[in-house]
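# Survey of secondary and tertiary structure
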Amino acid sequence: MPAPVPPFTRETAIQKIRMAEDGWNSRDPQRVAQAYTPDSRWRNRAEFVNGRDEIVAFLTRKWAKELEYRLIKELWAFDGNHIAVRFAYESRDDSGNWFRSYGNENWEFDDEGLMRVRFASINDLPIAESERKYHWPLGRRPDDHPGLTELGL
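None of the values given here were measured: they were computed from a predicted structure. (Residues numbered from 1 in each chain as written. Predicted model: local features only at pLDDT ≥ 70, side-chain atom pairs only at ≥ 80, totals over all residues. Heavy atoms only, no water.)

## Here's the deal with helix α1 (residues 10–26)
Test applied: To qualify as a helix, a DSSP run of H or I must reach at least 4 residues; to qualify as a strand, a run of E must reach at least 2; elements of each kind are numbered from the N terminus. Take the number of residues in a helix, subtract one, and multiply by 1.5 Å to get its expected span. For each residue, the accessible area found with a 1.4 Å probe, counting protein chains only, is set against the maximum for its type, and the residue is called buried under 20%, exposed over 50%, and partly exposed in between.
Under the 1.5 Å per step criterion, the end-to-end length of α1 is 25 Å for 17 residues, consistent within 8% with the ideal 24 Å. What α1 keeps buried is the set Thr 12, Ala 13, Lys 16, Ile 17, Arg 18, Ala 20, Glu 21, Asp 22, Gly 23, Trp 24 and Asn 25. At the exit of α1 stands Arg 27, carrying a positive phi of roughly 55°.

Shown next as structure tokens:
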């Protein structure tokens, strides 16, 4: 199935979001970077990232610190070449402290469906290991695993 391109419908926006979620859950910076334009611009928390090389460096640092990373994304809104998502991911640090990180992203795509702009706002909540909700094996979230709404997040 070819990757969705703008203008997005509800169905193709959801498909694009799941493709992004799957990419990020791979924790493969090179793979993830290919979904962005070569000159893509990001704001991730207070960090500004420009282009695929910086995306790869950013994600390499991120996943070296955020261990056992598992992510769920959900559609918030879409229009033309823009998609807004909400997400939550769980990870732990090297001391065994668990976190659930909540956020929103605003995305803008080029005509080929590559993301050229990504603005992410993220908040971290320390959680006990017993409060974790994401228990699938590392990698792609199983199709039958509940999403954010079903999990009450």
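## As for the sheet that holds strand β4 (residues 82–92)
Here is the rule: Between any two strands, at least two bridges found by DSSP are needed for them to pair. The angle between two axes is taken between their N-to-C directions and runs from 0 to 180 degrees, where each axis is a line fitted to C-alpha atoms and a helix contributes only its stretch in contact.
Read across the open sheet, the six strands follow the order β2-β1-β6-β5-β4-β3; overall the sheet is mixed. Each of the sheet's edge strands pairs with one partner strand only, and the pair in question is β2 (47–50) and β3 (67–79). Here the strands of the sheet are splayed against their neighbours by 20° on average, with no regard to which way each runs. Here 10 bridges tie β3 to β4, and the two strands are oriented antiparallel to one another. The partner of Leu 75 across the bridge, within β4, is Val 85.

## Side note on the environment of Asn 104
Applicable threshold: The contact definition used throughout considers only heavy atoms, calling two residues in contact when any of these lie within 4.5 Å.
Relative to the helices and strands, Asn 104 resides in strand β5 (residues 98–109). For Asn 104, a relative accessible area of 45% puts it in the partly exposed group. Spatially, the C-alpha atoms of Asn 104 and Trp 76 are 8.7 Å apart, while their sequence positions differ by 28 residues. The residues contacting Asn 104, other than those within four sequence positions of it, are Val 85, Arg 86, Phe 87, Phe 119, Ala 120 and Ser 121.

## Description of empty space enclosed by the protein
Here is the rule we go by: Using a 1 Å grid laid over the protein atoms alone, points where a 1.4 Å probe fits but cannot get out form a cavity; open sets with protein on both sides within 12 Å along at least 5 of 7 lines form a pocket; any residue with an atom within 4 Å of a point counts as lining. Grid points are joined across faces, edges and corners, and a volume is the space filled by probe spheres set on the points. Side-chain classes follow a simple rule in which Ala, Val, Leu, Ile, Met, Phe, Trp, Tyr, Cys and Pro form the nonpolar group, Asp, Glu, Lys and Arg form the charged group, and the remainder, Gly included, forms the polar group.
The final tally for this structure, using the stated rule, is one cavity of 30 Å³ or more. There is about 60 Å³ of room inside the largest cavity. Lining the largest cavity, in full, are Trp 24, Asn 44, Lys 62, Tyr 69, Leu 71, Lys 73, Phe 87, Tyr 89, Glu 105, Arg 118 and Ile 122. Secondary-structure elements contributing two or more residues to the lining of the largest cavity are β3, β4 and β6 (115–127). Of the residues forming the lining of the largest cavity, the biggest block, three residues, is contributed by β3. Its residues placed into classes, the lining of the largest cavity shows six nonpolar, one polar and four charged.

## Things to note about the environment of Arg 70
Which entries qualify depends on this criterion: Polar contact is defined as a pair of N or O atoms within 3.5 Å, subject to the rule that within protein one atom must be able to donate a hydrogen and the other to accept it, and that residues adjacent in sequence are counted only when both atoms are side-chain atoms.
Looking at the secondary structure, you find Arg 70 in strand β3. Judged by its relative accessible area of 7%, Arg 70 falls in the buried class. Not counting chain neighbours up to four residues away, the residues in contact with Arg 70 comprise Asn 25, Ala 88, Tyr 89, Glu 90, Arg 132, Tyr 134, His 135, Trp 136, Pro 137 and Leu 138. One polar contact links the side chain of Arg 70 to the main-chain carbonyl oxygen of Trp 136, over a distance of 2.6 Å.

## Observations concerning the side chain of Lys 16
Just so we agree on the cut-off: Counting rule applied: Lys, Arg positive; Asp, Glu negative; His and chain ends not counted. Each salt bridge in this description consists of a side-chain nitrogen of Lys or Arg and a carboxyl oxygen of Asp or Glu lying within 4 Å of one another.
Residue position: Lys 16 is located in helix α1. Although buried, Lys 16 forms no salt bridge, and the nearest oppositely charged side chain, Asp 110, lies 7.4 Å from it. Ignoring any residue separated from it by four or fewer positions in sequence, one finds Lys 16 in contact with Ala 3, Pro 4, Phe 8, Ile 83, Phe 109 and Gly 113.

## A short note on the pairing of β5
Summarising the sheet, β4 and β5 pair through 11 bridges and their orientation is antiparallel. Of the residues in β5, the one forming a bridge with Arg 86 is Asn 104. Here β5 pairs with β6 via 12 bridges, running antiparallel. When the sheet's bridge partners are listed, Asn 106 is paired in β6 with Phe 119. With antiparallel pairing between neighbouring strands as the criterion, β5 and β6 make up a hairpin whose turn holds five residues, including Gly 113 at a positive phi of roughly 90°.

Keep in mind these numbers describe shape, not what the thing actually does.
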